[in-house]
Number of protein chains: 2
Amino acid sequence: MKQSWIEHAATSGFPLENIPFGVARIRECTAVVTRIGDTIIDLQALAQHGYLNVNADVRETLSHDSLNSFMELGKEVMRDVRAQVAKIFAAENGKLRDHAEHRAHICMTEADVTMLMPVRVGDYTDFYSSRQHATNVGKMFRDPANALLPNWLHLPVGYHGRASSIVVSGTPIRRPKGQLMPADADAPVYGASRLLDFELEMAFVIGKGNSLGEQITTGAAEDHIFGLSLFNDWSARDIQKWEYVPLGPFLGKSFASSISPWIVTLDALDPFRLDGPVQEPKVLPYLEYEGEKRFDIELEVLIQPRGGEETLVCRSNYKNMYWNMAQQLAHHTVNGCNMNVGDMCASGTISGDEEGSYGSMLEITWRGTKPVAMSDGTERKFINDGDTVIMRGVAQKDGLRISLGEVRSEVLPAL
Amino acid sequence: MKQSWIEHAATSGFPLENIPFGVARIRECTAVVTRIGDTIIDLQALAQHGYLNVNADVRETLSHDSLNSFMELGKEVMRDVRAQVAKIFAAENGKLRDHAEHRAHICMTEADVTMLMPVRVGDYTDFYSSRQHATNVGKMFRDPANALLPNWLHLPVGYHGRASSIVVSGTPIRRPKGQLMPADADAPVYGASRLLDFELEMAFVIGKGNSLGEQITTGAAEDHIFGLSLFNDWSARDIQKWEYVPLGPFLGKSFASSISPWIVTLDALDPFRLDGPVQEPKVLPYLEYEGEKRFDIELEVLIQPRGGEETLVCRSNYKNMYWNMAQQLAHHTVNGCNMNVGDMCASGTISGDEEGSYGSMLEITWRGTKPVAMSDGTERKFINDGDTVIMRGVAQKDGLRISLGEVRSEVLPAL
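**Q** Can you walk me through the packing of aromatic side chains in this structure?
**A** Aromatic ring pairs: the centre-centre distance and the angle between the two ring planes describe each pair. Residue and element names in this part refer to chain A. In the structure shown here, the tally under the stated rule is 22 aromatic pairs over all chains. For the pair Tyr322 and Trp323, a centre-to-centre distance of 5.3 Å together with 80° between the ring planes defines the contact as edge-to-face. Taking the relative accessible area as the measure of exposure, Trp323 reaches 0% and is therefore buried. These aromatic residues form a ring-pair network of at least three members: Phe21, Phe70 and Phe226.

**Q** Just to check I follow, could you spell out the relation of the copies chain A and chain B for this structure?
**A** Two copies of one chain are present, and they are related through a rotation about an axis combined with an axial shift. In screw terms, the move from chain A to chain B is a rotation of 180° and a rise of 0.0 Å along the axis, fitting with an RMSD of 0.0 Å. A rotation of that kind, with that shift, is consistent with a two-fold axis. For chain A, the minimum C-alpha distance to the rotation axis belongs to A:Gly248 and amounts to 2.1 Å. Take the interface residues of chain A: 100% of them recur as interface residues in chain B, which is what a same-surface contact looks like.

**Q** Please clarify how the environment of A:Asp38 should be interpreted in this entry.
**A** All names here are of chain A. Mapped onto the elements of the fold, Asp38 is located in the loop between strand E2 (29-36) and strand E3 (39-42). For Asp38, a relative accessible area of 51% puts it in the exposed group. Expressed as a C-alpha distance, the spacing of Asp38 and Phe14, which sit 24 residues apart in the sequence, is 7.7 Å. Apart from the residues within four sequence positions on either side, Asp38 is in contact with Met108, Thr109 and Glu110.

**Q** It is not clear to me how helix H7 (residues 131-141) of chain B should be interpreted in this structure. Could you clarify?
**A** In an α-helix, one full turn covers 3.6 residues, which means residues spaced three or four apart are oriented alike. The buried count for H7(B) comes to eight of eleven residues, which makes it a mostly enclosed element. Lining the buried residues of H7(B) we find helix H12 (361-364) of chain B.

**Q** What is the right way to look at the sheet that holds strand E4 (residues 107-109) of chain A in this model?
**A** Think of a sheet as strands paired side by side through backbone hydrogen bonds, with each pair either parallel or antiparallel. Residues and elements named next belong to chain A. With antiparallel pairing, five strands are arranged side by side in an open sheet as E4-E3-E2-E1-E5. Pairing within the sheet leaves two strands with one partner each, and these edge strands are E4 and strand E5 (114-116). In this sheet, adjacent strand axes meet at a mean angle of 45° when their direction is disregarded. The pairing of strand E1 (residues 22-26) with E5 spans three bridges and is classified as antiparallel. In the sheet register, Ala24 faces E5, and the bridge partner there is Met115.

**Q** For this particular structure, what's the right way to read the sheet that holds strand E9 (residues 173-174) of chain A?
**A** Residue and element names in this part refer to chain A. With respect to topology, five strands assemble into an open sheet ordered E9-E26-E25-E20-E21, the strand pairing being mixed. The open sheet has two free edges, formed respectively by E9 and strand E21 (311-317), since each of these has just one partner strand. Relative to E21, strand E20 (residues 298-304) is paired through six bridges, and the arrangement is antiparallel. Each residue of the ladder has a partner; that of Glu300, found in E21, is Arg315.

**Q** What am I meant to see in the pairing of strand E21 (residues 311-317) of chain B here?
**A** For a regular strand, side-chain orientation follows a simple rule: the groups alternate between the two sheet faces. In terms of burial, E21(B) is largely enclosed, as five of its seven residues are buried. A loop of six residues connects strand E20 (residues 298-304) of chain B with E21(B), the two strands running antiparallel in sequence, and B:Gly307 in this loop sits at a positive phi of about 75°.

**Q** What exactly am I supposed to notice about the interface of chain A and chain B here?
**A** The extent of an interface is frequently quoted as the accessible surface area lost upon association of the parts. On the chain B side, the residues contacting the 57 residues of chain A number 57 residues. In this assembly, chain A packs against chain B so that about 5,300 Å² is buried in total across both faces, 63% of it on carbon and sulfur atoms. Remark: the boundary between chain A and chain B carries four salt bridges. A salt bridge links A:Asp343 to B:Arg162, with the nearest nitrogen and oxygen atoms 2.8 Å apart. At the boundary of chain A and chain B, one finds 25 residue pairs in polar contact (both at pLDDT 80 or more).

What counts and how
- Residues numbered from 1 in each chain as written.
- Chains lettered and ligands numbered in written order.
- Predicted model: local features only at pLDDT ≥ 70, side-chain atom pairs only at ≥ 80, totals over all residues.
- Heavy atoms only, no water.
- Phe/Tyr/Trp six-rings, centres within 6.5 Å; stacked < 30°, edge-to-face > 60°.
- Buried < 20%, exposed > 50% of the residue type's maximum accessible area, 1.4 Å probe, protein only.
- Least-squares fit on C-alpha atoms with pLDDT ≥ 70 in both.
- Contact = heavy atoms within 4.5 Å.
- Helix = DSSP H or I, 4+ residues; strand = E, 2+ residues; numbered from the N terminus.
- Pairing = 2+ DSSP bridges.
- Axes fitted to C-alpha atoms, helices over the stretch in contact; angles between N-to-C directions.
- Buried area = accessible area lost by both parts, 1.4 Å probe.
- Salt bridge = Lys/Arg side-chain N within 4 Å of Asp/Glu carboxyl O.
- Polar contact = N/O pair within 3.5 Å; in protein donor to acceptor, adjacent residues only side chain to side chain.

Now the structure itself:
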């Protein structure tokens, strides 16, 4: 691990090898920021004081209220900025370290800033690419002997989600109301969802678009992906169940999705690549790919009741994906669908093979039949009002830790 | 009908009572425009020359490349602009009429301008609100005796669509490729869609948003709706069929949707309101509404082979809606989902009760079993390469005609 003059624990997950991107409100302005250890670094100020050497076009994007314009400049600009930041903050470089006034203007604590939505999302797509998750859901709601639907092994199933209600970590989530069909009732009722759930997901952010009518191949896909964030695809199971046939999930999802404030670049995650799973039956040629396209990122979900302790309810891993990002993007654009900078594609719930690695309360408690014991002695079938759901992600190997940060959201009672 | 000094046929559909809004490229710039008869009126130039009296904030929005900022100013501004335009162009008002130089700068023909996408669409939702369409689809693909699914009469079924691929009338549509599952095959194949279809729809545009967590009631809904456009929800039936279970339509829709360039305000359509259909079973209280919320707008679809004549294939009416816009918007936000200015909600295919009034080739040809005879002697089961699909809409009553314009798109062969 490279050493920085910003002191931080080896376990912080934000060493000089990470250098993620986010957007913060700082002193009434917005700025593109990065993070080393617990220190937030204002890249706009870093350029203003002459440490970060970028042209006027790049510099202008560093005061925007989203990463979109910065991402639009291309990966070479992003790579140059990451490389420069790694040098400016390297242990042996005393220039900024020894200039107290500039340092005070550039380096802040998390308490000094408000992290904002990092990207302005145009379209948001949710995939369904963990085989274990699709199998669990199929077993519960359809035929246990034929849990996977016929198309599942042939294409990365996905659907369009709601972009407007994606919010950043820290934003409280209001329990949604809607139509529910109680068991054995003749007619639906109106009320607050009783089966509020999280879904543990990762999302990738488009940094380079394509024109309408043009396909993105699996080989080109990663050029279009700027980076990754943690993603909580909030789900109201009872609303979803009544509405979703035949056109798919709608209001059971669109009340909110939560993302982490840091977009971690694929470059930072490069050491954590893995070969894919064997895909049998063989996929169609447009879904074939070369190279290591899966990522080993440890994920966990915790529930913290108001005033109480965190209870770990899930340990999973982003490697539990049957379909990788390159396949998802190639499939998404096989019909010529155009991607814009800032569009997001989430993975679908990431569940592993064993109990304890399931990425939703639906699976963890098996539809509420096996409640989870909380550290305060209470139980959970789904998420209660006042609970804070926390997702964290970290890639680690040979002493290097790259954190994806966390997404943390408290559930408020229905209005 | 009010008389204008701009000469136009009584049948034009763009009298002083219409005054719709669009965006055009004019001499390398963009401007918000309206239309009287066949004359396009540059509202930015109308303000610049002092005829349209608006403050600097309003005037600034008139040079944007979408209506979003103008819509965001609120309905009072829109109403004021429509009222002023009606006066400036009234037959008895000679001020602009008699100023040839100003007139040349402000008034253009369609050939002088390029009509652009009128709105920047954030999120797009497609409903499924014509009972006859849902019944036809249910009969074809599910159980003829129970064609409507259990939720259909209780809520306006809808799903999230793709916003990025909505294009304006005149934009050619590329036949999409994708995965298809041939009948009796063991595995899917990759290829161009063979079952390319249109769906005749209307879409409403959000002019006033709501905050995340806040509901819009049926009573307030129309305050949030700026106006209506024609909407062709292109569908690749074979791609859709293989992919859509369990999460709904995705690539079978996301390759393109086409809209008309003119947004016609609800104010202009006010004389064409109708009572709703009886809704039985009774809807839940949040879906109850007062007043006339359906609109009598005659719709037609024509197919024109390259170099050939138009053949009329459908005559329907926007009144063939079971769920109205107010109910759709109240349902969409019942869970607190936030709407942004520029979001679009389409109706779903608008089919009437009789053959001849069905709004898609799927229904018109009953899955291809009853081909349509074209005026050039050929037949159509679905849409061929080189066909131009044309949708038109007009509301008429007591000599007043309000046109929705048209949406016209040629289908190009797959790449």
